[in-house]
Amino acid sequence: MRPIGWMWMRAGQAAGTTAPSAWPLSLGCPTLLVTTVAAFGAATLPAMVASAQQARAVSTDESVKALDALIRVRELNAAGNSGEAMRVLQLLLTEEGDRLLPDTKDEMLFLPVRRVIHTMLLADPMALERYRQEQEPAAAELLASGRLDEAERTRLLTPSGFEAALRLTQLEAEAGRFESARLILDQLEFHPDRATPAGRSGAATMATLVAACLPRSDQQERAARWARESGAEPAPQPTIEVAAALGAGISPFLSPHAAIPPTIPLDRPLQSVALDPFRRSITDDSMSVSVGVSWVLPTVLGERVFCDDGVGIAAFVAASLSPLWSTRPGEGSARQSLDRRGVPFAMSNSGIPDEPATVAAGWGVLVAATGIPESGGRRGDTRVHALDEATGQLLWSIEPSRLDPQLDGAFVRGSILIEGGVAVIPLRKPTLARRVAALYLAGVDLRSGELRWVRLVGSTGTNPWGRWQGRSDTGLMHEGVVYRADDMGVLGAYESARGRPIWVRLSPNVRSFEQAIYRLPTPPPAWESSVPVAIGPWLFSIEPGTGRTMQIDRAHGAILARRSQTELGDPRYLLASGTRLIAVGETRLATLDAEAFVSSEISLSRNFGEGSPSGRAIVAGDGADARILWPMIEGLAVIPPANPGAESRMQMTSPGNIVIAPDTGASEPVILSAGSDRMQSMLSWDTAGRLLDARMAKRSDDPAPLLTALELFHKVGQTSRAPELADRLL
């Protein structure tokens, strides 16, 4: 038998090898091949180990055990002991499969051990056949006992592993976890059992099911291709209607929003509510925040808008801002008092939130973290809470640091994301004794709060004073994958359902976390949180330290190109409008064509001046009608993405973080703006009147709509209806 190989090489470099046209995420990639140890040579193996051991400013969840074991595999094969080599490989799949190994051609890119071993075995037919023969009995036992997850995770390349993956795909799809089903099915593209008639038929059936749940062109094309390969004629694929309750909410982090009609009077808010509960409800002055900081980012779902103010979560009718419910999980408890979780010794920025307060919505559940994010830590009630979206009933509250021993001392940093019944919580853990700050992702069950998985994304050395991070970072949930960048110098892609890493990339140029204890700078505004942007097959992210914007192969983590910080006007965060990439700086923005990222001409807006922006920029509308809406102190800047120099202004009262509610039952969307102390809604009065009449008719026994109508009629001078409404109220 030929020696088993495990080195990755660029396409075309290994003589006599050919790459499949498209590699699934778990079984390889188009630019990476596997060659044998014999072809790979003894000189290159130490180089890979040296690359893994090279000193870096940031580290990830690297498997030293796998590095040593793969050296052992080479030695065992050289000695003719392939049986023991197979046993070592299976041990790695069982114990280290979700940890990481460095890519030999890109020392900053790390791939999961499971994917590396699968790629190795698929490249060696003789080794693959022996592996399948030796591991099939154990896989069949797992399948017979119903342990489908374990069979798929540890022995995917066996016949029973193939069957387990098909069954899991169906179960996940039936449970509404469509992206999880797709990711499982992706692994079977080059599975040996898909070459059999029965395997082709079963895989084609599941591909048709997934395409019906996810009616995207890539899924429909795969379903048609797999059907042809199974000998069946591709049939018209039905589309499964997804319940609206499964949908995610709309926030300033998500684009595009609905377009703003010119008839909405932005300078005359229809209604406003206070967003400053601290001094009203809490006697402890330590929980106050500085005025003038727009750090609340509302979330819209249907006709409702939700806000997290660091103390509790509240729901309002989007159009009228009539209160629906308010929940304060820590009120009256010791948790509401001062708890400086992770706040460094220096408190120069006390009272200035350095991350936005957001609410994640999906599957009829809201998830939010309380506490005030400041100085890189969190102050107050540091728990995470889940509430029923309709009633505000508390479903569960968890202290993240108690979910798992490795999370001891961790606290939420970044926005929580929801996908497929899982809430993904980003956590930072500073360890003062070791002077290390680490970033974790934890997936918890949306209904119960039970921990499903936890992953170390990265860690770096730091001082026990100063800020733990220089910028605020938030993850992107896209097609069932969480893409999370962090200022420490790490960017990773993880499956949301199981937490499996797809790839992790480290940054070679990292800005130090260590800042002088008496010279802490004011943190960037909370709304400038940096979020990766997905456009087509690419991911765009701002590289920590250098400020360069990276274009990354979204499936495999390879950097395709960079544009300099200076070219793009020192961007703080990125947006997308179709295929147009938008880099938003402190006082100006730049746009370019993402499809021609390297050569595209960059278009710049004018410089708005220091201190002008008062909220996060969003994209409203699409195609030729798309506009960038950037809140400024003096009004709302309306900027065409293709020609940012052609800016116009709309008068707006106290603009803050904007979100547009498109589905309120009105004939036009509602614009909501959350400033430093108030949230206001903007809607034409004619539309608002129709909405109020409909709401009063629907809830004739509820005095709340009548009170809201009386207040708004009085506000706009429509007093003729006041007697009628007062009689109905009495």
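Right above here is the structure, for reference.
How each quantity is defined
Residues numbered from 1 in each chain as written. Predicted model: local features only at pLDDT ≥ 70, side-chain atom pairs only at ≥ 80, totals over all residues. Heavy atoms only, no water. Pairing = 2+ DSSP bridges. Helix = DSSP H or I, 4+ residues; strand = E, 2+ residues; numbered from the N terminus. Axes fitted to C-alpha atoms, helices over the stretch in contact; angles between N-to-C directions. Parallel < 35°, antiparallel > 145°, perpendicular 65-115°, else oblique. Left-handed = near helix turned anticlockwise from the far one by under 90°. Contact = heavy atoms within 4.5 Å. Nonpolar A, V, L, I, M, F, W, Y, C, P; charged D, E, K, R; others polar. Buried < 20%, exposed > 50% of the residue type's maximum accessible area, 1.4 Å probe, protein only.

### What about the sheet that holds strand E33 (residues 589-593)?
Right, so step 1: Taken in spatial order, the 4 strands make up an open sheet running E31-E32-E33-E34, and their pairing is antiparallel. This sheet does not close on itself; its edge strands, each paired only once, are strand E31 (573-577) and strand E34 (603-604).
Right, so step 2: The pairing of E33 with E34 spans 2 bridges and is antiparallel. Within E34, the position partnered with threonine 591 by the bridge is serine 603.

### Let's talk about the packing of helix H10 (residues 197-213) against helix H11 (residues 217-229)
Right, so step 1: Running from N to C, H10 and H11 cross one another at 160 degrees; their axes reach a closest spacing of 8 Å. Between H10 and H11, the interaxial angle falls into the category roughly antiparallel. The element H10 and its partner H11 pack so that their crossing is left-handed. Along its contact with H10, which presents Arg200, Ala203, Ala204, Ala207, Thr208, Val210 and Ala211, the element H11 presents Gln219, Gln220, Arg222, Ala223, Trp226, Ala227 and Glu229.
Right, so step 2: Of the residues assigned to the contact of H10 with H11, the class counts are 8 nonpolar, 3 polar and 3 charged.

### Points about the environment of proline 262
Right, so step 1: Mapped onto the elements, proline 262 comes out in the loop between H11 and strand E6 (271-274).
Right, so step 2: Assessed through its relative accessible area of 77%, proline 262 is described here as exposed.
Right, so step 3: As for proline 262 and serine 684, which are separated by 422 residues in sequence, their C-alpha atoms are 10.0 Å apart.

### Description of the sheet that holds strand E23 (residues 476-478)
Right, so step 1: Strand order in the open sheet formed by 6 strands is E4-E5-E26-E25-E24-E23, and the pairing between neighbours is antiparallel. Because the sheet does not close on itself, it has two edges, and the strands there are strand E4 (100-102) and E23. Pairwise comparison of adjacent strand axes, ignoring direction, gives a mean angle of 20 degrees for this sheet.
Right, so step 2: Looking at chain direction, E23 and strand E24 (residues 481-486) are connected through 3 bridges and run antiparallel. When the sheet's bridge partners are listed, histidine 478 is paired in E24 with valine 481.

Functional significance is not addressed by these values, which are geometric in nature.
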